[in-house]
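What the coordinates show
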Amino acid sequence: FDGPWDATKVQMLDHMVNLMYSGDQSQRKLAHEVLTQVKTHPDAWCAVDTILATSQSADTKFFALNVLENVIATRWLVLPD
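In this report, the structure presented in the accompanying data block is examined. Quick caveat: nothing in here was measured; it's all calculated off a predicted structure. Every chain begins its residue count from 1, and numbering advances along the sequence as written. Totals for whole chains, interfaces and linings use all residues, but because this is a predicted model, local features are given only for residues with pLDDT of at least 70 and pairs of side-chain atoms are given and counted only at 80 or more. No hydrogens and no water enter the side-chain calculation; it runs on all heavy atoms of the structure.

**Things to note about the environment of V34**
Under the scheme used here, helices are H or I runs from DSSP no shorter than 4 residues and strands are E runs no shorter than 2 residues, and both carry numbers assigned from the N terminus. The residue V34 is located in helix α2 (residues 25–40) in this model. Taking the C-alpha atoms as reference, V34 lies 7.5 Å from M16; in sequence the two are 18 residues apart.

Listed below in structure tokens is the structure:
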């Protein structure tokens, strides 16, 4: 999360999400670990708009919306203005 998200980062996220659904067992394990790190990162919610606007993958967009849902459910009152 160093710096703003761009198309390259979104493509890497697309790849991880794709591996989660279609990779072999070791690839799914790695993808799960990476996606969990992304989802739990304190600034992950800041990338949701870029992911939704840039990604061509419905699965990645769903993941981004889950990130946003998680932040709203768990950290809404402590988000910065």
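So, next bit.
**A look at the side chain of S55**
Within the secondary structure layout, S55 lies in the loop between α3 (48–54) and α4 (58–75). Each residue's exposure class comes from its accessible area (1.4 Å probe, protein chains only) as a fraction of the maximum for that residue type: buried when under 20%, exposed when over 50%, partly exposed otherwise. Residue classification places S55 among the buried positions, given a relative accessible area of 1%. Polar contacts, as counted here, are pairs of nitrogen or oxygen atoms within 3.5 Å of one another; within protein the pair requires one atom able to donate a hydrogen and one able to accept it, and residues that are adjacent in sequence qualify only if both atoms are side-chain atoms. Among the polar contacts made by the side chain of S55, one reaches the side chain of D14 at a distance of 2.6 Å. Within the local environment of S55, its side chain forms a polar contact with the backbone nitrogen of S57, the two atoms lying 3.0 Å apart. Ignoring any residue separated from it by four or fewer positions in sequence, one finds S55 in contact with V10, D14, T50, T60 and K61. Note on contacts: a residue pair is in contact if any heavy atoms of the two residues lie within 4.5 Å.

**Things to note about the pattern of salt bridges**
Side-chain pairing between opposite charges can occur once the charged atoms of the two side chains come close. Each salt bridge in this description consists of a side-chain nitrogen of Lys or Arg and a carboxyl oxygen of Asp or Glu lying within 4 Å of one another. Overall, the coordinates contain 1 salt bridge when judged by the stated rule. Ionic pairing is found between E33 and K29, a salt bridge with its closest N-O pair at 3.2 Å. With E33 and K29 both in helix α2, this residue pair falls 4 residues apart, about one helical turn. Residue class for E33 comes out partly exposed when judged on its relative accessible area of 39%.

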